[in-house]
Amino acid sequence: SQELEQSPQSLIVQEGKNLTINCTSSKTLYGLYWYKQKYGEGLIFLMMLQKGGEEKSHEKITAKLDEKKQQSSLHITASQPSHAGIYLCGADIGSGTYKYIFGTGTRLKVLA
Amino acid sequence: EPEVTQTPSHQVTQMGQEVILRCVPISNHLYFYWYRQILGQKVEFLVSFYNNEISEKSEIFDDQFSVERPDGSNFTLKIRSTKLEDSAMYFCASTDTDTQYFGPGTRLTVL
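What comes next is a walk through the structure. (Residues numbered from 1 in each chain as written. Chains lettered and ligands numbered in written order. Predicted model: local features only at pLDDT ≥ 70, side-chain atom pairs only at ≥ 80, totals over all residues. Heavy atoms only, no water.)

Some details on the side chain of A:Q6
Residues and elements named next belong to chain A.
Link 1 in the chain: Relative to the assigned elements, Q6 resides in strand β1 (residues 4-7).
Link 2 in the chain: The exposure class assigned to Q6 is buried, which follows from its relative accessible area of 2%.
Link 3 in the chain: A polar atom in the side chain of Q6 sits 2.8 Å from the backbone oxygen of Y87.
Link 4 in the chain: A polar atom in the side chain of Q6 sits 3.3 Å from the side chain of T106.
Link 5 in the chain: Leaving out residues up to four positions away in the same chain, Q6 has contacts with I21, N22, C23, W34, Y87, L88, C89, G103, T104, G105 and T106. (Helix = DSSP H or I, 4+ residues; strand = E, 2+ residues; numbered from the N terminus. Buried < 20%, exposed > 50% of the residue type's maximum accessible area, 1.4 Å probe, protein only. Polar contact = N/O pair within 3.5 Å; in protein donor to acceptor, adjacent residues only side chain to side chain. Contact = heavy atoms within 4.5 Å.)

Quick notes on the state of the cysteines
Residues and elements named next belong to chain A.
Link 1 in the chain: Summed over the entire model, instances satisfying the criterion amount to two disulfides over all chains.
Link 2 in the chain: Across the disulfide, C23 is cross-linked to C89 (sulfur-sulfur distance 2.0 Å). Disulfide C23-C89: the torsion about the S-S bond is 80°, which places it as right-handed. Remark: C89 occurs in strand β9 (residues 85-92) and C23 occurs in strand β3 (residues 19-25); sequence separation between them is 66 residues. Taken as a pair, C23 and C89 share a single burial class, namely buried. (Disulfide = S-S within 2.5 Å.)

What follows is the structure in structure tokens.
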């Protein structure tokens, strides 16, 4: 099984709809990062969450880290075609030793 | 807006050759990173660098890899003897306090 699991793997939504992407681990997430990757391009940093229960927003994207620091969700409100891409979570899951890994990715397509 | 740049955009090399991938981070940033993404696979963390030394590295970052900040502006990743499995996109990033800025990547092809 994957150490950092994302769901769903892919998502197709109509423009204007809200959506949620989840990132789950069986281990504590020390510093949870969300990124976006356009197909065939580089990474864009979205947000970093560190504290249990923390929530951050940027424009129409909100990310939360649960109290136990084992799950994070990314919520997009009123999606637009510009939101299309691959969303990745990344986190340090090492306890004692640093181990930074990325999630499996969620492909988002927004239909105009 | 300041940006991270990487050169070359595409590097082709023969197996066993040394390659140096170059990155110019944003000028006032202090933390630097290298990641790689093998085609069709997950992004992988390689190394982070702060205050002229490696702060963290992954299991992938073995003795074949090294990083350097030779002149206060460039941040380089060297692969001493490339293997076929080193073929990937290599991304550099730098951060201010809590925002990472990524370069466009260097596609390394090892033949």
